[in-house]
Every structure is written in structure tokens, then in C-alpha cells.
Amino acid sequence: MTETQTGQPPKPALPYAELRDVIDLSLWAGQMLLQHGARTQRVEETVHHLGTGLGCDWLDILVSPNGIVLTTSSGQEFRTKIRRVKRMGVNMSVAAEINALSRRVTAEALDRHQVRAELARIDQMPLPYNRWLVVGMVGLACAALSRLFGADWAIFGATFGASAAAMWVRQELDRRFFNPFLVTAATAFAAGILASLPTLFSWGAQPQLALAASVLLLVPGAPLITAAQDLLEGHLVTGLARGLAGSLVSLAIALGLLLAMWLMGV
Amino acid sequence: MAVWALVQDGFWAGVAAVGFAMLFSVPRRDLPGAFLTGAVGHSARALLLQWGVSLEGATLVGAAVVGVLGNVLAQRLHKPTFVFTVPGVIPMVPGVFAFQTMMGILRVTTAAAGEGSGVLVDAGINAIHTALLLGALALGISIPRLLFRHPRPVV
């Protein structure tokens, strides 16, 4: 990168060993962002910001649906590394912390040891909410959506119960590392069994709304919106992969729900 | 009465936004912002639907409201925008359209003779709504960035 392109005086060339640290730290940050569902554009920009803030001249980054390739350049030297990324749930606390860290690197002139300590802290951050609180709030969220569809209070209560129980099932299956599509189908099945009770016993005015609303906790809303944003920003490969993953999750929801409805005869 | 209905709509959308925000591990102190974007965005959409705007058009405007509000909150509170915008549009996500598309596809296999084409057409209509609504949500929350923050690409 020449002076005219960056508009800044050239940086001192990093020693080869230091370049290794910079690529490791930038990849680590990028991996955590991608793992927890950040947009491709944000992954690229944050990694670039972090790497150049730590003294590199330039970074070339390639984000694929399940890995990141990164080349760091400084003076005449460059290093390239690949990191495999396994997708996990959306965690916006982690994404927000990494975003803040990438700003602090330039604003507070953090060195690579401080950045490493910060990344280790972010990596070890516990989930911000107790699992039972999440069970209750996700149940309440689905019940709130049933109100938006026009459900009465009986169906509101039934939806709350069915989706909170389904969220518990999902947590239990997730922590045993079952296949994600299987977890989704099984959770939709559990929600469907419970949410068909109002239809079976004719509670409330529109009992079928409980069936529709109680599986909404499973709809991959955040990944599907991120998929559309990736496509909008020209990241077609990651956008298509996220969109297809979201569609398959929707298919798993439908499978589980149909099986439950068939068994319950509703 | 119409105003009261909009307030109720906003309240329940806000509750849904906060519930999903907690599922996405949004930090505790940003939950009020997620409630606000969810409530205002969804009631803006409900108002436009009352005025006879199409579902897709109303969703685009609702998501744009979430996008603008989320950007204002993010700048004031020094937060990334996504903690406010993504939970804010969750109540508008076409979840029911999405799984009805898939249920339609599965039901084609068990439909009685002559009824399969109707089931398939319904699934196709649901699929088109799902895709367009998701596009409207993504475009809507990106509008502030597309219009006002488009620096020279660095990557």
C-alpha cells in the first residue's frame, strides 16, 4: 500500500513474528463475529480495522460461509492463514464487544498484548441471561406475537406455555449437540403437540393461532435478515448460504409441526 | 379507538422484540432501545396497513423507521446499530409465511388427485411473500447506511 492510497505516512514494517500475532488476533476477532451471526460486510470491515490498527499496512480478507482466509501485509512481508468457523447461535453481546474493541485499537492505541487479553475476555464472556429467564421471555415473545395476530387471552396463555416449553426442549437438545435441523424439528414437534390442545378442546375463539405462533421462536429471523443484507451488499456466496440454511430450518419447523398435527388429529 | 389499537400493537411488538433480543444475547442496557424500535416500527406498519398500503410496502416503511431510529439510538448511546435494528424488525419477520411455504411443499405429496396444483400455487404465493418481505426488512434497516454512510470501500 503506497502513501497516496492510504493518505497517511507509511507505517514501519512489522517484524515477521509480530505479523503472526496480528493475523492470529484479527482472525480470532473475525471468527467470533462470523460465529455469532454478524453481517459479512461487518466481519470484513472490523477485521480490516483491527489489523491495520495493530500496525499492518493492509489486510485481504475472504469470508466464506464456514471459514475465513486472511492475508496480512506489512512492508515487504506477508502472512496468510485460514480459520474454520463453526456457526453457533446469534450472540450480539460478543459482536458488540468486538465492534467496540476494533474502535479502541485506534482510539486508545492498544498493543497486541492488550488486544489478546481483551479477545480472551470476550471469548469467555458468559451468556448475559439465565436460561430460565430466556425460557420465560421467549414464551412471552411468542405469546405477544399471537396477540398481534388477533388471539384472545386463552390462546395467549396457551401460546406462552407451548413456546416456553418448546424453548426448554431446544436448550436441552442444543446442549447435547444434536444436529441443528433435528433440534428444530423436535422442538417444533413439542410446540405443535402442546399448541394443538386449544384446537382439540376448543379453547378460545381462534385456537389455530396458538399453532402458528408457538413455533415462531424457531424461525431463523436474524439469519434470514442477515442473508438478505449480505445479498444486498454483494456478498452473494455467504448470502445464499445463509438463506438456504434459513430455508432448511423453516422446512424442519414444518416437518415437526405437521407430524405433531397429524398425531393430534388437528 | 384506532390510536388505542396502534398503542396495543406497538406494546406487543415491543415485548416480542425484547424477548428475541434476549434470545440473541443483546446486552441488558440495550433492551429498552430494542423495545422502542420494535414498538415504533411495527405500529408504523400497522398504521400504513390501515390506510390500505400493501403488506410489502408497509413492511419496507416500518423497517426503514426501525433503521432510522436504530441509527439515532446507536449514535447517541455509542452502540453498534444491529443491537437495535435486528430485534426491532423481528416482529415483522414473515415467520408464518415461511413455514406455511414449507408445509405447502410437504402437503403436495399427500394432496388428493387434482388438488396438488392448488396446494403448490399456495406454497408459491407464500414463498414469494416470504422472500419479498425479508428483502423489504433488510433493505429498510439498511436505508440509513445506504444513503448516509457509504465510505470508500476499505476491504
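Rules used throughout
Residue positions are given per chain, counted from 1 along the sequence in the order it is written. Chains carry letters from A onward and ligands carry numbers from 1 onward, assigned in written order. This being a predicted model, a pLDDT of at least 70 is required before a residue's local features are given, and a value of 80 or more before pairs of side-chain atoms are given or counted; all residues contribute to the totals for chains, interfaces and linings. Numbered from the N terminus, helices here are DSSP runs of H or I no shorter than four residues, and strands are runs of E no shorter than two. Exposure classes come from backbone-placed C-beta atoms, where a residue is buried if 20 or more other C-beta atoms lie within 10 Å of its own, exposed if 12 or fewer do, and partly exposed in between. With axes taken as lines fitted to C-alpha atoms, and helix axes fitted only over the stretch in contact, angles between N-to-C directions fall between 0 and 180 degrees. Convention used here: angles under 35 degrees read as roughly parallel, angles over 145 as roughly antiparallel, angles from 65 to 115 as roughly perpendicular, and any remaining angle as oblique. Crossings are sorted by hand: turned counterclockwise from the far helix by less than a right angle, the near helix makes the crossing left-handed, and turned clockwise it makes it right-handed. Note on contacts: each residue gets a C-beta atom placed from the backbone, and two residues are in contact if those atoms are within 7 Å. Here the nonpolar group is Ala, Val, Leu, Ile, Met, Phe, Trp, Tyr, Cys and Pro; Asp, Glu, Lys and Arg are the charged ones; every other residue, Gly included, is treated as polar. The start and end points of each domain follow an automatic or database-based domain assignment. Any two strands between which DSSP finds at least two bridges are classified as paired. Here the expected length of a helix is defined as 1.5 Å per residue gap, with one fewer gap than residues.

Further remarks concern the overall build of chain B. A tally of regular secondary structure across chain B gives six helices and zero strands. Going from the N terminus to the C terminus, chain B shows its helices and strands as α-α-α-α-α-α. Along the longest, intermediate and shortest principal axes, the C-alpha atoms of chain B span 60 × 50 × 30 Å. Scored against the burial criterion, the 155 residues of chain B give a buried share of 52%.

This part covers the packing of helix α11 (residues 221-232) of chain A against helix α12 (residues 236-264) of chain A. All names here are of chain A. Between α11 and α12, the least distance of the axes is 8 Å, while the angle of their chain directions is 155 degrees. What the angle tells us is that α11 and α12 run roughly antiparallel. When the axes of α11 and α12 are compared, the crossing they make is left-handed. Touching Pro 223, Leu 224, Thr 226, Ala 227, Asp 230 and Leu 231 of α11 are Leu 236, Thr 238, Gly 239, Arg 242, Gly 243, Ala 245 and Gly 246, all from α12. In the contact of α11 with α12, the residues fall into six nonpolar, five polar and two charged.

All names here are of chain A. Considered domain by domain, chain A is made up of domain 1 (3-123) and domain 2 (131-264). The C-alpha centroid of domain 2 is placed 35 Å from the C-alpha centroid of domain 1. With eight residues of domain 1 at the interface, the matching set in domain 2 holds ten residues. When residues of the side of domain 1 that touches domain 2 are traced back to their parent elements, those giving at least two are α3 (40-53) and β1 (58-64). Classifying every residue of the side of domain 1 that touches domain 2 gives three nonpolar, four polar and one charged.

Turning our attention to the pairing of strand β2 (residues 67-74) of chain A. Sheet faces and side chains relate simply in a regular strand, where the side chains alternate between the two faces. Residues and elements named next belong to chain A. Residue alternation in β2 divides its side chains into a buried set, Ile 68, Leu 70, Thr 72 and Ser 74, and an unburied set, Gly 67, Val 69, Thr 71 and Ser 73. With seven bridges connecting them, β1 and β2 associate as antiparallel partners. Across the sheet, the residue bridging to Leu 59 is Thr 72, located in β2. Linking two consecutive strands that pair antiparallel, namely β1 and β2, is a turn of two residues. Here β2 pairs with strand β3 (residues 77-84) via eight bridges, running antiparallel.

Let's shift gears to the sheet that holds β2 of chain A. Residues and elements named next belong to chain A. Strands sit in the order β1-β2-β3 across an open sheet of three strands; the sheet is antiparallel. The strands lining the two open edges of the sheet, one partner per strand, are β1 and β3. Geometrically, the sheet is characterised by an average inter-axis angle of 10 degrees between neighbouring strands, direction not taken into account. Helix α2 (residues 16-35) rests against β1, β2 and β3 of the sheet, and its axis sits at about 150 degrees to β2.

With that settled, consider α3 of chain A. Residues and elements named next belong to chain A. Here α3 contains 14 residues, and its C-alpha end-to-end distance of 20 Å stays within 8% of the 20 Å for a straight helix at 1.5 Å per residue. Here α3 lies mainly inside the structure; 13 of its 14 residues are buried. Where α3 terminates, the next one or two residues include Gly 55, which has phi positive at roughly 110 degrees.

Residues and elements named next belong to chain B. The terminal C-alpha atoms of helix α2 (residues 31-50), which comprises 20 residues, lie 28 Å apart, in line with the 28 Å expected from a rise of 1.5 Å per residue. With 14 of its 20 residues buried, α2 lies for the most part within the structure. Gly 52 occupies a position one or two residues after α2 and carries a positive phi of about 90 degrees.

Comment: phi is negative for the bulk of residues other than glycine, and the bulk of peptide bonds are trans. Positive phi values are uncommon outside glycine, yet Ser 202 of chain A reaches one of about 50 degrees. Structurally, Ser 202 of chain A can be placed in the loop between α9 (197-200) and α10 (208-214). The backbone of Ser 25 of chain B sits at a positive phi, close to 60 degrees, despite the residue not being glycine. Tracing the backbone through its elements, the reader meets Ser 25 of chain B in the loop between α1 (2-23) and α2. The class for Ser 25 of chain B is buried, based on 23 C-beta atoms found within 10 Å.

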